[in-house]
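Structure assessment
Here's the letter readout for the chains.
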Amino acid sequence: ADVDEESGIEVLAAMKRRVQPGDVAVDEPGIGNRAVSEAIGRGHRVAIIDDDRALLDSLSRIIDAAEGFRCAGAFPCVEEALPALRTAAVDVLLLDIQLPGVPGDQALEALRAVCPEMRILMLTVFSDRDRLFTCICNGAHGYLLKSTPPAQLLDAIRAARDGGSPFSPEIA
């Protein structure tokens, strides 16, 4: 089913399982509350959706520390990210599969409807081909394992922004 920009949130609400807003507090600088617009004009603008607070912080710092990259926002769930991404100019989204509420692999259609120019890379612990296939069929542009070293992750983000489809070598 097609999802237009206006109905993205409604689709997510219909798909939503049980999510408790605020399950993961993200009010520190560099995490979810940072204005997405800060990233405009600073190289590769990257957003992250992952429910692991430590990983969000770590990835945000890696991205911000890399020349030519800027973390545009980090969110614990799709439901919190979608409103911010609607008005953002994000180049690449790193998206976990196993999330509270709407899983990443099920949110791809709504995310792409709201941000059609944004490239989406799955960043997950799952290396099975069934999940990989589902994500690609649902619109992901690449699939990376969370064990990907930081330099390779930055290369993958750059490749995705430039139109490539990066995959972790272990699953390619």
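As a reminder, the structure under discussion sits directly above these lines.
Described below are features of the structure shown in this document. Every chain begins its residue count from 1, and numbering advances along the sequence as written. This being a predicted model, a pLDDT of at least 70 is required before a residue's local features are given, and a value of 80 or more before pairs of side-chain atoms are given or counted; all residues contribute to the totals for chains, interfaces and linings. As a convention, hydrogens and water are excluded, and side-chain values are obtained from all of the structure's heavy atoms.

**Section: the nonpolar core**
For soluble globular proteins, the rule of thumb is that nonpolar side chains tend to be buried together. Put simply, the rule is: Each nonpolar core is a collection of buried residues, namely Ala, Val, Leu, Ile, Met, Phe, Trp, Tyr and Cys, held together in the definition by side-chain atoms within 4.5 Å. Accessible area is worked out with a 1.4 Å probe on protein chains only. A residue is then buried under 20% of its type maximum, exposed over 50%, and partly exposed in between. Helix and strand assignments follow DSSP, with helices taken as H or I runs no shorter than four residues and strands as E runs no shorter than two, numbered in order from the N terminus. Any two residues having at least one pair of non-hydrogen atoms within 4.5 Å are treated as being in contact.
Within the largest apolar cluster, 30 residues are counted, with the highest numbers of intra-cluster contacts made by I49, L85, L93, L95, L111, M122 and Y143. Listing elements by their share of this core, those giving two or more residues are β1 (44-49), β2 (69-75), α3 (78-86), β3 (92-95), α4 (104-114), β4 (119-124), α5 (129-137) and β5 (142-145). Here the element with the most residues in this core is α3; it accounts for five residues. The residues touching L93, leaving out its near neighbours within four places in the chain, are A47, I48, I49, L85, L111, M118, R119, I120 and L121.

**Quick word on the packing of aromatic side chains**
Our working rule: When the centres of two rings from Phe, Tyr and Trp lie within 6.5 Å, Trp using its six-membered ring, the rings pair. Their planes under 30 degrees apart give stacked, over 60 give edge-to-face, and anything left gives tilted. Whether a charge sits over a ring comes down to the Lys NZ or Arg CZ being within 6 Å of the ring centre and within 35 degrees of the ring normal.
Within the structure shown, the criterion is met by zero aromatic pairs. The ring centre of F126 lies 3.6 Å from the NZ or CZ of R131, which sits over that ring.

**Side note on the pairing of β1**
To keep things clear, this is the line we draw: Pairing between two strands is assigned when DSSP locates at least 2 bridges connecting them. We call a crossover right-handed when, viewed with both strands directed away from the observer, the connection leading from the first strand over the helix to the second proceeds clockwise.
Among the six residues of β1, six are classified as buried, and the element is accordingly described as predominantly covered. Side chains H44, V46 and I48 project from β1 onto one buried face, and the interleaved R45, A47 and I49 project onto a second face that is buried too. Pairing analysis gives six bridges linking β1 to β2, with the strands arranged parallel. Looking at β2, one finds that I49 is bridged to F75. For the handedness criterion, the β-α-β arrangement of β1, helix α2 (residues 53-65) and β2 is classed as right-handed. As paired strands, β1 and β3 are joined by four bridges and run parallel to one another. Residue pairing for β3: I49 is matched across the bridge by L95.

**Details of the side chain of D91**
Rules: Any N or O atom pair separated by 3.5 Å or less is treated as a polar contact, with the protein-specific requirement of one donor-capable and one acceptor-capable atom, and with residues adjacent in sequence counted only for side-chain atom pairs.
For D91, the location among the structural elements is in the loop between α3 and β3. A distance of 2.8 Å separates a polar atom in the side chain of D91 from the backbone nitrogen of R45. Of note is the side chain of D91, whose polar atom sits 3.4 Å from the side chain of R161. Excluding its chain neighbours within four sequence positions, the residues that come into contact with D91 are G43, H44, R45, E117, M118, R119 and R161.

That's the geometry; what it means functionally is another story.
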